Amino acid sequence: MPELPEVEVTRRSFAVQIEGAKVLSITMGKPLRWPLGCEPAKLVGAQVQQVRRRGKYLLIDLDQGMLMVHLGMSGSLRFAHTLPALGVHDHFDMRTDKGVLRLNDPRRFGAVIATDGESDPVARKLLQGLGMEPLDDAHFQWEVFLAGLQASRSPIKPLLLSGKLVVGVGNIYASEVLFASRIAPTAAANSISTVKAKRLYQAIRDILALAVERGGTTLRDFSNADGMPGHFQLQAKVYGRNGLPCVHCGKAIALLRQGQRSTFYCPHCQKA
DNA sequence: CGTGGCTCCTGTTAGC
DNA sequence: TGCTAACAGGAGCCAC
């Protein structure tokens, strides 16, 4: 479900409210992708300092340590003073003196991990190798992006998805940014012209930023920590539109499989 | 090393 | 209608 915009929208929807909160208790449901990594009781008494994001990871800094939250494919967070009784898909529940933070994740590809901080080996392992932050102008550098493309023979779509060059571009936005920059998803990264690469660079920034502004994408069930749905699906020009007319040329949008993932594109508008 | 395929799990949908 | 199979927004891990 969540790509960078959804994770960022989630972060913004509870970061300020949870600041300074003291952990009262933690309840775990079924196992997630990884174990919490410590006894839940160990976190009781900890105080939340701030909530940051790196790629699709939410980093909740505590006065001692750091919680890493990943929403996986189907996860969503809620933060509120009171929440309904735990449901079958609620697998992490953190009561604090400022409200309850709850992870609902039907598929359980998500995770909550307690670490000692960013230098913790577990945190390092997960965060190392992540690409540039596309919404951070100082971090997302054009020259580095171009050099990264030129250094890879991989088809561009899976390269974007890998997060090695830029983080946060998931399956929906990968199709959307390639359509916007008129690049074929199968084009080898090192075959993309500088002009097209520049369009791609800008499309990644613009489309992700717009999606954050709009509150994220709701294809099925995304909502932020206040429970509000996103509205970006209204903007999807190719994702999920195979067989429907291209908004630009009117020809049919095609569906392609790359690395077990669906890619949507316009064969007429997106060449090489 | 870079790349591609497999894997975790449950819910929804398409097709017969 | 009911059953079954395919597919879903992620990404680490392993084998080449």
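Each value, and the rule that gives it
- Residues numbered from 1 in each chain as written.
- Chains lettered and ligands numbered in written order.
- Predicted model: local features only at pLDDT ≥ 70, side-chain atom pairs only at ≥ 80, totals over all residues.
- Heavy atoms only, no water.
- Salt bridge = Lys/Arg side-chain N within 4 Å of Asp/Glu carboxyl O.
- Helix = DSSP H or I, 4+ residues; strand = E, 2+ residues; numbered from the N terminus.
- Buried < 20%, exposed > 50% of the residue type's maximum accessible area, 1.4 Å probe, protein only.
- Pairing = 2+ DSSP bridges.
- Axes fitted to C-alpha atoms, helices over the stretch in contact; angles between N-to-C directions.
- Contact = heavy atoms within 4.5 Å.
- Disulfide = S-S within 2.5 Å.
- Domains from an automatic or database assignment.
- Buried area = accessible area lost by both parts, 1.4 Å probe.
- Parallel < 35°, antiparallel > 145°, perpendicular 65-115°, else oblique.
- Left-handed = near helix turned anticlockwise from the far one by under 90°.
- Nonpolar A, V, L, I, M, F, W, Y, C, P; charged D, E, K, R; others polar.

*Asks:* So what about the pattern of salt bridges? Which residues, and what values?
*Replies:* Tallied over the full model, the rule gives nine salt bridges. Between R11 and E8 there is a salt bridge, and its shortest N-O distance comes to 2.9 Å. Of this pair, R11 and E8 both sit in helix α1 (residues 4-18), three residues apart, which is roughly one turn of that helix. Assigned by exposure class, R11 and E8 land together as buried.

*Asks:* Can you lay out the sheet that holds strand β8 (residues 111-115) for me, pointing to particular residues and giving the numbers?
*Replies:* Taking strand neighbours across the sheet as the criterion, the four strands line up as β2-β3-β4-β8 in an open arrangement whose pairing is antiparallel. In this open sheet, the two edge strands, each paired with only one partner strand, are β2 (48-54) and β8. Across the sheet, the mean angle from the axis of one strand to that of its neighbour is 20 degrees, orientation sign disregarded. In terms of strand pairing, β2 meets strand β3 (residues 57-62) through six bridges, oriented antiparallel. Bridge pairing links V51 to I60 in β3. Running over the sheet, α1 touches β2 and β3 and is turned about 170 degrees from β2.

*Asks:* Quick one: what's the story with the state of the cysteines, residue by residue and with numbers?
*Replies:* Using the criterion set out here, one finds zero disulfides in the structure. Its sulfur unpaired, C266 is 3.6 Å from the next cysteine sulfur, which belongs to C269. A relative accessible area of 0% means that C266 is categorised as buried.

*Asks:* I'd love a proper account of the domain arrangement of chain A, names of residues and values included.
*Replies:* Domain parsing of chain A yields domain 1 (4-127) and domain 2 (142-265). Every contact between the two is made by 17 residues of domain 1 and, on the other side, 17 residues of domain 2. Taking both sides of the interface into account, the surface hidden between domain 1 and domain 2 amounts to around 1,400 Å²; carbon and sulfur atoms contribute 64%. Considering only the surface of domain 1 that becomes buried against domain 2, P5, E6 and V9 emerge as the three largest contributors, covering 36% of it. On the surface where domain 1 and domain 2 come into contact, there are zero salt bridges.

*Asks:* Outline the sheet that holds strand β5 (residues 76-80), listing residues and values.
*Replies:* Two strands in a sheet stick together by hydrogen bonds in their backbones, pointing the same way (parallel) or opposite ways (antiparallel). The four strands lie next to each other as β1-β6-β7-β5, forming an open sheet whose pairing is antiparallel. Only two strands of the sheet have a single partner each, and these edge strands are β1 (23-28) and β5. Across the sheet, the axes of successive neighbouring strands diverge by a mean angle of 10 degrees, strand direction being ignored. Sheet topology places β5 next to strand β7 (residues 99-104); five bridges connect them, and they run antiparallel. From the neighbouring strand, S76 faces β7, where its bridge partner is N104.

*Asks:* A description of the side chain of S181 should follow, citing residues and the corresponding values.
*Replies:* Of note, S181 is situated in the loop between α5 (171-180) and α6 (194-213). If sequence neighbours within four positions are ignored, S181 has contacts with K196, R199 and L200.

*Asks:* Account for the packing of helix α3 (residues 142-150) against α6, with residues named and values stated.
*Replies:* Here α3 crosses α6 at 120 degrees, and the two axes come no closer than 10 Å. When the interaxial angle is binned, α3 and α6 end up oblique. Between α3 and α6 the crossing geometry is right-handed. Residues W142, F145, L146 and L149 of α3 form the contact with α6, whose participating residues are T194, A197, K198, L200, Y201 and I204. Partitioned by chemical class, the residues of the contact of α3 with α6 number eight nonpolar, one polar and one charged.

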